[in-house]
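# Tertiary structure, described
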Amino acid sequence: MISNTIEHTLTGLAAELGVPGTVAAYTSDILLFAALLLLALLTRSLTNHMGIFIVRLFVEKSPTRLDYILKKNMFFSRIASVAAAVITYKLAPLIIPGLPLFTAFLVALAKIYAIIIFTLASFSLMDSLHSIYLETRFSAKFALKGSLQALKLFISIVGVLLVLSVITDRTPLYFLSGLGALTAVLLLVFKDTIMGLVAGIQLSVNEMVCEGDWIEMPQFGADGEVMDFSLTTVKVRNWDKTITTIPAYALISQSFKNWRGMEESGGRRIKRSIIIDMNSIRFCDDALLSRLSKIHLVSGYIVERNREIDAYNREKGISKDSLVNGRHMTNLGVFRKYIEEYLHNNPKIHTDMTFLVRQLQPTDKGIPLEIYVFSKDQRWAYYEAIQADIFDHLLSAISEFDLKVFQSPTGADLAKLGKLS
């Protein structure tokens, strides 16, 4: 064999240099091992550079930057290491036949190294594909991170079984047959992990939560944007910049609010009330109607409504001696119409979504007049500014309709009352 010839040549060369026979034999083995190690390192370097070159050749015009992502995730270096392990596994028995035990150890070590590195290379490939997936429009709707972590867990288990098989020189099926007895223990020890795994898959498949979603879960103190969605946990960056970690299975077993529907609808709900003092509500007399007719947004309504009411009262023969008789406009009704017209003319309000200005059940504090509409801008600061502008205007305009807003007495009110008494 070529290896024997090389070994004899090296042994003879060492003997000529005055090295004792036994030492010369070991010297030749050490030199052969060094040559094998050098060959493995050269193979690794060559495979690494060839892999990068081939991928660049195929994705030169691709916008995905696949070669950069694979290199960043160490895919090429790990595949190259597998190639080096294969070279060691194949050539060690041929190059170093003089040390059978060392050769067997080296072959077993190469197998274990190849299994570990191949497992890590598969992780690198999955991470690279996931990075590319995140740049697509589908990533916002379907999160793959949890599924990829489940696949990584499965590959890791297979890798461990293969390593144990190499160490003990037994078939992997031998270890699989022994897992049945450990099932109860594994279920007890890894209960949370298993529950998180199942929940993570359910959340991903059913698209219940995705990265970037705004979720609200008060029982965990979570109210913010999902920043990371892993196999067993969901990280939420709250609006106060704190981070809350929620077990994935809690999102399945408990209720939570996902604001994604609001974001996809194109509008954000405004639901807020003005509480009207019921003592200020009254029928509109001619003087009040004359003054309100000067308000542009309700002038047409008042004319049309007056015509309709007069026609009804004449038809029914209703006396005008009292405003209680027949039909008459109220200052609250006109104000409600004014709010509707004001919001319809506001370019920042969706008029094709739910649009309500309604009275709620009267309370001991007054009668709530609720606005239930949707703003076009969903950004928090702008949404709050739109709300503030609307109610700034309405609270300022309400006195024009001879209405008053309810407000609990303050210290100044009580002091004024004391002075009057």
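Residues numbered from 1 in each chain as written. Predicted model: local features only at pLDDT ≥ 70, side-chain atom pairs only at ≥ 80, totals over all residues. Heavy atoms only, no water.

Let us look at the overall build of the protein chain. The helix and strand tally for the protein chain stands at 15 helices and 9 strands. Taken across its 421 residues, the protein chain has 33% of its residues classed as buried. Counted over contacts in the protein chain with a minimum sequence separation of 6, partners at least 24 positions apart contribute 65%. Accessible surface, the protein chain: about 25,400 Å² in total, of which carbon and sulfur atoms supply 63%. (Helix = DSSP H or I, 4+ residues; strand = E, 2+ residues; numbered from the N terminus. Buried < 20%, exposed > 50% of the residue type's maximum accessible area, 1.4 Å probe, protein only. Contact = heavy atoms within 4.5 Å. Areas by Shrake-Rupley, 256 points an atom, 1.4 Å probe, with all protein chains shown as cover.)

Let's shift gears to the side chain of Asn238. Of note, Asn238 is situated in strand E3 (residues 233-238). Overall, the relative accessible area of 6% leaves Asn238 in the buried class.

Here we take up the sheet that holds strand E5 (residues 257-258). Strand order in the open sheet formed by 5 strands is E4-E3-E2-E1-E5, with antiparallel pairing between adjacent strands. Since the sheet does not close on itself, it has two edges, and those belong to strand E4 (243-247) and E5, each with one partner. (Pairing = 2+ DSSP bridges.)

Take the confidence of the model for the protein chain next. Per-residue confidence for the protein chain averages 77 on the pLDDT scale, and 70% of its residues sit at or above 70. At the low end of the mean pLDDT range in the protein chain sits helix H1 (residues 2-16), at 47; at the high end sits helix H13 (residues 331-344), at 95. Low confidence marks residues 1-21, where pLDDT is under 50. Its contacts with residues over four positions away, or in another chain, come to 22 contacts. (pLDDT = per-residue confidence, 0-100.)

Take the pairing of strand E1 (residues 214-217) next. Judged from the 4 bridges that link them, E1 and strand E2 (residues 222-229) form a sheet pairing that is antiparallel. Looking across to E2, one finds that Trp214 is bridged to Glu225. Connecting the antiparallel pair E1 and E2 is a turn made up of 4 residues, with Gly221 showing a positive phi of about 70°. In this sheet, E5 lies alongside E1 in antiparallel orientation, the contact comprising 2 bridges. In the sheet register, Ile215 faces E5, and the bridge partner there is Asn258.

Time to look at H13. One full turn of an α-helix is made of 3.6 residues, so residues set three or four places apart face in the same direction. An ideal rise of 1.5 Å per residue puts 20 Å on 14 residues; H13 measures up with 20 Å between its terminal C-alpha atoms. Among the residues of H13, those classed as buried are Asn331, Leu332, Gly333, Val334, Phe335, Tyr338, Ile339, Tyr342 and Leu343. (Expected span 1.5 Å × (residues − 1).)

Let us look at the pairing of E2. Both E2 and E3 contribute to a ladder of 5 bridges, which runs antiparallel. Bridge pairing in E3 places Asp228 opposite Lys235.

Residues Tyr338, Leu343 and Ile390 are the most contacted members of the largest nonpolar core, which totals 35 residues. Counting only elements with at least two residues in this core, the list comes to strand E6 (268-276), helix H11 (286-292), helix H12 (296-316), H13, strand E9 (367-375) and helix H14 (380-397). It is H13 that contributes the most residues to this core, 7 residues altogether. Setting aside residues up to four positions removed in sequence, Leu343 forms contacts with Ile349, Phe355, Val357, Ile371, Val373 and Ile390. One finds Val209, Ile215, Val234 and Val236 within the second-largest nonpolar core, a separate group that totals 14 residues. (Core = buried A, V, L, I, M, F, W, Y, C linked by side-chain atoms within 4.5 Å.)

Okay, the packing of aromatic side chains next. Taken as a whole and assessed by the stated rule, the structure comprises 7 aromatic pairs. Judged by centre distance (5.4 Å) and plane angle (80°), the rings of Trp214 and Trp239 are edge-to-face. Of this pair, Trp214 sits in strand E1 while Trp239 sits in the loop between E3 and E4; the two residues are 25 residues apart in sequence, bridging distant segments of the chain. With a relative accessible area of 34%, Trp239 lands in the partly exposed category. On the basis of an interplanar angle of 20° and a centroid distance of 6.3 Å, the ring pair of Tyr338 and Tyr342 is categorised as stacked. Taken together, the residues span about one helical turn, with Tyr338 and Tyr342 both in helix H13 at a distance of 4 residues. Side by side, Tyr338 and Tyr342 carry an identical accessibility label, which is buried. (Phe/Tyr/Trp six-rings, centres within 6.5 Å; stacked < 30°, edge-to-face > 60°.)

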